[in-house]
Amino acid sequence: MTVRTRFAPSPTGYLHIGGVRTAIFNWALARRFGGQFVLRIDDTDVERHREEALEPILAGLRWLGLHWDEGPGVDGPHGPYYQSQRLEVYREFAERLRSRGRAYPCFCTPEEIERERQEARQAKRPYRYSGRCRALPTQEQQRRIEAGMPYVLRLKVEPDRVIRFVDVVLGPVERNTNDIGDVVLVRANGMPLYNFATVVDDASMQITHVIRAQEHLTNTFVQLLLYEAFDITPPQFAHVPYVAAPGSKAKLSKRHLERYQTEENVARFLKLGFKPEEVPSPVMLDYYIHLGYLPDAVLNGLARLGWSLDDRTEKIPRQVLIENFSLERIHKSPASFDPDKLYWLQGEYMRELPLEQKVAGTIPFLQRAGLVGDPVDESTRSLIRRVIEALGDRMKVFTDVIVYGGFFFKDEVDYDPKAVQKVLLKEHVPVVLARLRERLAGLEPFDAAHIEEVVRGLAEELGVGAGKVIHPLRVATSGQTIGPGVFELVEILGKERALQRLERALALVQQEDA
RNA sequence: GGCCCCGUCGUCUAAGGGUUAGGACACAGGCUUUUCAAGCCUGGAAUACGGGUUCGAAUCCCGUCGGGGUCACCA
């Protein structure tokens with residue numbers, strides 16, 4: 001039997017890191033065994049803007065390279081893959097359950113149910129449906145239905161049974177049916193509920209392995225009861241621990257990652273044209289996509305949460321993951337997500353990326369920031385290439401090119417006030433800048449090696465350390481204190497622009513002086 | 001509160017009866033250095049606690065404590 005896994009997001013508008021990890025595990029298992037990875041959309045909870053809320057999720061999965069074999073846009077033998085389009089199937093299965101006497105209509109009003117729930121809460125008892133409608137005679141059911149009374153469909157759950165199964169990750173687990181009660185399968189409006197729709201779909205789509213977050217563990221017992229009622233062999237279940245917040249075992253949420261949302265990163269998003277309220281949170285995949293992470297790095301980093309290859313391997317490229325992924329090596333306990341480690345891994349992947357791919361990957365970000373045009377002409381392309389080369393290992397994510405080297409692509413320099421204060425507004429600086437301008441103007445050829453000679457020569461002549469010349473030169477030409485090596489920086493900038501900027505900086509300090 | 005799951009450095013993890021409990025991120029110190037990175041070297045850092053079983057326990061059993069999940073006409 002071929003392995004079939006599925007990922008079943010509901011269209012919420014974005015992909016959460018924890019959800020992505022679940023998707024990766026499902027995808028990896030299918031690929032490992034040459035099976036199929038199905039994408040199904042759990043959209044029974046009638047949401048207004050379905051399409052817009054779905055697209056970012058599909059885009060995220062595509063970005064990661066988690067291609068699905070069946071699902072939206074990919075027809076297959078078990079479609080449709082939107083639950084909202086499968087209502088007929090659910091109706092059929094619901095009917096089957098009723099005709100077998102495994103489910104019954106319940107006419108209790110939401111108010112009545114709410115009262116039962118309140119009572120349970122006050123008595124500090126877990127809530128379970130009383131089963132009041134279960135005993136209704138068939139004729140009475142018929143009468144009420146014909147009278148147009150709204151009703152939900154409930155599963156008849158036999159009391160005092162212990163349901164057991166062996167979870168691939170957790171091992172043997174069990175639960176008493178007394179803790180479950182007659183759960184609702186279909187809403188009064190005819191829409192199926194999660195547990196019911198999931199079983200119908202997993203069964204009819206021939207899913208062999210259900211890999212999902214541990215928060216679904218209690219649902220699994222209900223689902224097992226449903227498989228039994230349908231007389232269908234259930235799939236294997238693997239409940240993976242949820243992804244926790246850094247330094248905690250609490251489920252990851254937006255709030256937990258606030259400290260990773262640095263001012264510096266927010267500034268990157270703003271440079272890319274995001275409005276402040278649109279800036280994604282570090283719990284969302286979008287955050288990493290737009291900061292310029294590589295899909296392979298994110299895939300690797302997330303796959304390592306709760307799963308390991310062995311006792312030492314951190315870098316697990318896509319192909320290696322596919323060849324070695326196994327459910328058996330998934331941890332039982334929650335793993336906290338560590339953005340720092342993901343960042344480190346990203347640096348490793350970026351470092352190994354061939355130059356031309358770095359260039360190609362950088363271009364969309366420069367365009368979004370309005371620093372280069374579209375299309376990019378050959379001279380701009382070669383400028384980008386030179387900047388990236390000069391950046392070397394400093395470039396960890398694509399937006400680093402904007403932060404460390406944005407000034408290469410602008411006519412006017414934005415002088416960072418702090419840099420000016422710290423480096424340029426010093427007594428010796430006017431002299432240094434003036435001489436630099438003079439010497440560089442006559443320099444031929446204008447390359448890094450010769451620029452270095454000029455700078456070091458000048459330092460010696462003035463009887464100061466090289467840093468006293470280098471730092472002002474950097475700030476004067478780039479406006480900032482960080483960036484590539486200053487000699488290459490000036491070379492790439494070119495003589496004309498370097499001189500202009502020295503001029504401007506000089507004016508700036510002299511004006512400050514006066 | 002009932003039921004269920006989980007507990008190895010701050011974090012990700014390895015070891016599944018016998019190791020000085022290993023690696024990685026992060027952190028600290030040093031070297032290098034024109035900034036920022038990178039690189040190299042060094043360091044601190046863990047089996048939640050208490051009982052058993054055993055020649056021997058992180059590992060098996062029991063209890064305690066702690067964390068988490070779940071108890072919807074959400075998924």
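What counts and what doesn't
Residues numbered from 1 in each chain as written. Chains lettered and ligands numbered in written order. Predicted model: local features only at pLDDT ≥ 70, side-chain atom pairs only at ≥ 80, totals over all residues. Heavy atoms only, no water. Helix = DSSP H or I, 4+ residues; strand = E, 2+ residues; numbered from the N terminus. Rg over C-alpha atoms; globule rule 2.2 N^0.38 Å. Buried < 20%, exposed > 50% of the residue type's maximum accessible area, 1.4 Å probe, protein only. Contact = heavy atoms within 4.5 Å. Areas by Shrake-Rupley, 256 points an atom, 1.4 Å probe, with all protein chains shown as cover. Lys, Arg positive; Asp, Glu negative; His and termini not counted. Charge placed at Lys NZ, Arg CZ, Asp CG, Glu CD. Pairing = 2+ DSSP bridges. Axes fitted to C-alpha atoms, helices over the stretch in contact; angles between N-to-C directions. Salt bridge = Lys/Arg side-chain N within 4 Å of Asp/Glu carboxyl O. Phe/Tyr/Trp six-rings, centres within 6.5 Å; stacked < 30°, edge-to-face > 60°. Parallel < 35°, antiparallel > 145°, perpendicular 65-115°, else oblique. Nonpolar A, V, L, I, M, F, W, Y, C, P; charged D, E, K, R; others polar. Left-handed = near helix turned anticlockwise from the far one by under 90°. Expected span 1.5 Å × (residues − 1). Arc of directions from axis to C-beta. Core = buried A, V, L, I, M, F, W, Y, C linked by side-chain atoms within 4.5 Å. pLDDT = per-residue confidence, 0-100. Polar contact = N/O pair within 3.5 Å; in protein donor to acceptor, adjacent residues only side chain to side chain.

Caption draft 1: Spatial organisation of the overall build of chain A. For chain A, the count of helices and strands is 21 helices and 11 strands. Against the 2.2 N^0.38 benchmark of 24 Å for 514 residues, chain A shows a C-alpha radius of gyration of 31 Å, more extended than a compact globule. For the C-alpha atoms alone, the extent of chain A along its principal axes is close to 105 × 50 × 40 Å. Out of the 514 residues in chain A, the part that is buried amounts to 51%. Across chain A, the fraction of contacts at a sequence separation of at least 24, relative to all contacts at a separation of at least 6, is 73%. A total accessible area of about 24,400 Å² is found for chain A, and carbon and sulfur atoms account for 50% of it. Looking at charge distribution, chain A has the averaged site of its 69 positive side-chain charges lying 6 Å from that of its 72 negative ones.

Caption draft 2: Geometry of the sheet that holds strand 4 (residues 152–155). Strands sit in the order 3-4-7 across an open sheet of 3 strands; the sheet is antiparallel. Strand pairing shows two members of the sheet lacking a second neighbour, strand 3 (103–106) and strand 7 (184–186), which therefore form its edges. Averaged over all pairs of adjacent strands, the angle between their axes in this sheet comes to 45°, without regard to strand direction.

Caption draft 3: Examining the pattern of salt bridges more closely. Using the criterion set out here, one finds 37 salt bridges in the structure. Here Lys275 and Glu278 are joined by a salt bridge, their closest N and O atoms 3.8 Å apart. Judged by its relative accessible area of 47%, Lys275 falls in the partly exposed class. For Glu278, a relative accessible area of 41% puts it in the partly exposed group. Residues Lys341 and Glu314 are paired through a salt bridge, measuring 3.4 Å at the closest nitrogen-oxygen approach. Placement of the pair is Lys341 in helix 12 (residues 339–352) and Glu314 in the loop between helix 10 (295–303) and helix 11 (318–324), with a sequence separation of 27 residues. Lys341 gets classed as partly exposed once you look at its relative accessible area, which sits at 39%.

Caption draft 4: Quick peek at the packing of aromatic side chains. As enumerated under the stated definition, the model contains 15 aromatic pairs in all. Taking 5.1 Å as the distance between ring centres and 85° as the angle between the ring planes, the aromatic pair formed by Phe93 and Phe230 counts as edge-to-face. With Phe93 in helix 3 (residues 87–99) and Phe230 in helix 7 (residues 217–230), this pair connects stretches of sequence that are 137 residues apart. One exposure class covers both Phe93 and Phe230, and it is buried. With a centroid separation of 5.7 Å and 25° between ring planes, the pair formed by Phe365 and Phe398 is classed as stacked. One end of the pair, Phe365, is in helix 13 (residues 355–368); the other, Phe398, is in the loop between helix 14 (378–391) and helix 15 (400–405), and 33 residues separate them in sequence.

Caption draft 5: Helix 20 (residues 486–493), seen in detail. Burial of helix 20 is extensive: 6 of the 8 residues sit out of reach of the surface. Residues of helix 20 that are buried include every one of Val486, Phe487, Leu489, Val490, Ile492 and Leu493, and no others. Looking one or two residues beyond helix 20, the residue adopting positive phi is Gly494, at roughly 90°.

Caption draft 6: Here's a closer look at the packing of helix 1 (residues 17–32) against helix 10. Between helix 1 and helix 10, the least distance of the axes is 9 Å, while the angle of their chain directions is 90°. What the angle tells us is that helix 1 and helix 10 run roughly perpendicular. Listed contacts from helix 10 to Ile17, Val20, Arg21, Ile24, Phe25 and Trp27 of helix 1 are Leu299, Leu302 and Ala303. Its residues placed into classes, the contact of helix 1 with helix 10 shows 8 nonpolar, no polar and 1 charged.

Caption draft 7: Highlighting the packing of helix 18 (residues 448–462) against helix 20. Direction vectors running N to C along helix 18 and helix 20 enclose 120°, while the axes themselves pass 8 Å from each other. Classed by the angle they form, the pair helix 18 and helix 20 counts as oblique. The way helix 18 lies across helix 20 gives a crossing that is right-handed. Here Ala448, Ile451, Glu452, Val455 and Arg456 of helix 18 come into contact with helix 20, specifically with Phe487, Glu488, Val490 and Glu491. Partitioning the contact of helix 18 with helix 20 into residue classes produces 5 nonpolar, no polar and 4 charged.

Caption draft 8: Helix 14, seen in detail. Between the first and last C-alpha of helix 14 there are 20 Å, a value that for 14 residues agrees with the 20 Å anticipated at 1.5 Å per step. Burial in helix 14 covers these residues: Thr380, Leu383, Ile384, Val387, Ile388, Ala390 and Leu391. The buried side chains of helix 14 occupy one side of the element, clustering within an arc of 160° when seen end-on. Exposed and facing more than 90 degrees away from the buried side of helix 14 are Glu378, Ser379 and Glu389. On its buried face, helix 14 sits against helix 13, helix 15 and helix 20. After helix 14 finishes, the residue Gly392 shows a positive phi value of roughly 55°.

Caption draft 9: Layout of the nonpolar core. Counting 161 residues, the largest nonpolar core has Phe196, Leu321, Phe337 and Phe409 as its most contacted members. Counting 9 residues, the second-largest nonpolar core is a separate cluster that includes Cys106, Cys108, Leu136 and Val152.

Caption draft 10: Spotlight on the confidence of the model for chain A. Within chain A, residue pLDDT values average 92, and 98% of them lie at 70 or more. Prediction confidence for the complex, expressed as pTM and ipTM, is 0.94 and 0.94 respectively.

Caption draft 11: Quick look at the pairing of strand 6 (residues 171–176). Relative to strand 6, strand 5 (residues 162–167) runs antiparallel, the two being bridged by 6 bridges. Note on strand 6: the bridge partner recorded for Asp167 is Gly171.

Caption draft 12: Broad picture of the side chain of Glu70. For Glu70, the location among the structural elements is in the loop between helix 2 (50–64) and helix 3. In this structure Glu70 comes out as buried when scored by relative accessible area, which is 5%. Within the structure, Glu70 has its side chain in polar contact with the side chain of Arg4 (distance 2.8 Å). Setting aside its immediate chain neighbours within four residues, Glu70 contacts Arg4, Gln36, Phe37, Val38, Leu39, Gly76, Pro77, His78 and Tyr81.

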